[in-house]
Amino acid sequence: MELILFCVTHTREGYHFEGWAESETASSATYQPSGSFTKNANTTLYAVWAINQYAVVANANGGLFEDGKEQKDIIYNWGMTVNLSTIPTPTRKNYEFVGWFLQDGTQYFGGVIKNHIYVWAKWKMLANCYIRKDGVYKAGMMYRRENGVYGTGSTYVRKQGEYVQNTE
């Protein structure tokens, strides 16, 4: 007798249906949904479920991770608790890492994962110049005034009589 297998109509939160197996402890499906099954004996088939996986997508937002990339995807199984220590901290020259933030601007502290999560690094600018006072260099900020508004910008240094953008 040939039997056509159908997909289960039930759902299991956090899992997706893989197919059917003859063992209730099977981790992979022997028979695919909508496949055929032929056997000359009574057989019990068990649904095989696989846990959903989701990513925490971390964008360094102007910084870089240790491998030189701007983005990391950290994979978690559905229902796991996201631990921020598993997300590497990026670096950015002349900036201090503040933390991970969601698109709406709220800080992300982790939690139970049930879908993909996108986070962006937030940075605090450190000094963009150093001021020598009494023989000691101290961090400072250089501001420029343009159209009555003060703001930070690129600094240029004079090297061999030519002004070049300061990259150090």
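Scoring rules and cut-offs
Residues numbered from 1 in each chain as written. Predicted model: local features only at pLDDT ≥ 70, side-chain atom pairs only at ≥ 80, totals over all residues. Heavy atoms only, no water. Helix = DSSP H or I, 4+ residues; strand = E, 2+ residues; numbered from the N terminus. Contact = heavy atoms within 4.5 Å. Polar contact = N/O pair within 3.5 Å; in protein donor to acceptor, adjacent residues only side chain to side chain. Buried < 20%, exposed > 50% of the residue type's maximum accessible area, 1.4 Å probe, protein only.

With respect to the environment of Q53
By secondary structure assignment, the location of Q53 is in strand β5 (residues 53–59). Linking Q53 and G14, residues 39 residues apart in sequence, is a C-alpha distance of 8.5 Å. If sequence neighbours within four positions are ignored, Q53 has contacts with I75, Y76, N77 and H116.

Let's talk about the side chain of N52
Tracing the backbone shows N52 in the loop between β4 (46–51) and β5. In this structure the side chain of N52 is engaged in a polar contact, spanning 2.8 Å, whose partner is the side chain of H16. Within polar-contact distance, the side chain of N52 engages the side chain of Y54 at 3.5 Å. Setting aside residues no more than four positions away along its own chain, N52 makes contact with G14, Y15, H16, Y76, N77 and W78.

Section: unusual backbone geometry
One non-glycine residue with positive phi stands out, namely N61, at about 50 degrees. Looking at where N61 falls in the secondary structure, it is placed in the loop between β5 and β6 (71–77). Under the relative-accessibility criterion, N61 is labelled partly exposed at 37%. Despite not being glycine, N94 shows a phi value in the positive range, around 70 degrees. Tracing the chain through its elements places N94 in the loop between β7 (81–82) and β8 (95–101). Residue classification places N94 among the partly exposed residues on the basis of a relative accessible area of 29%.

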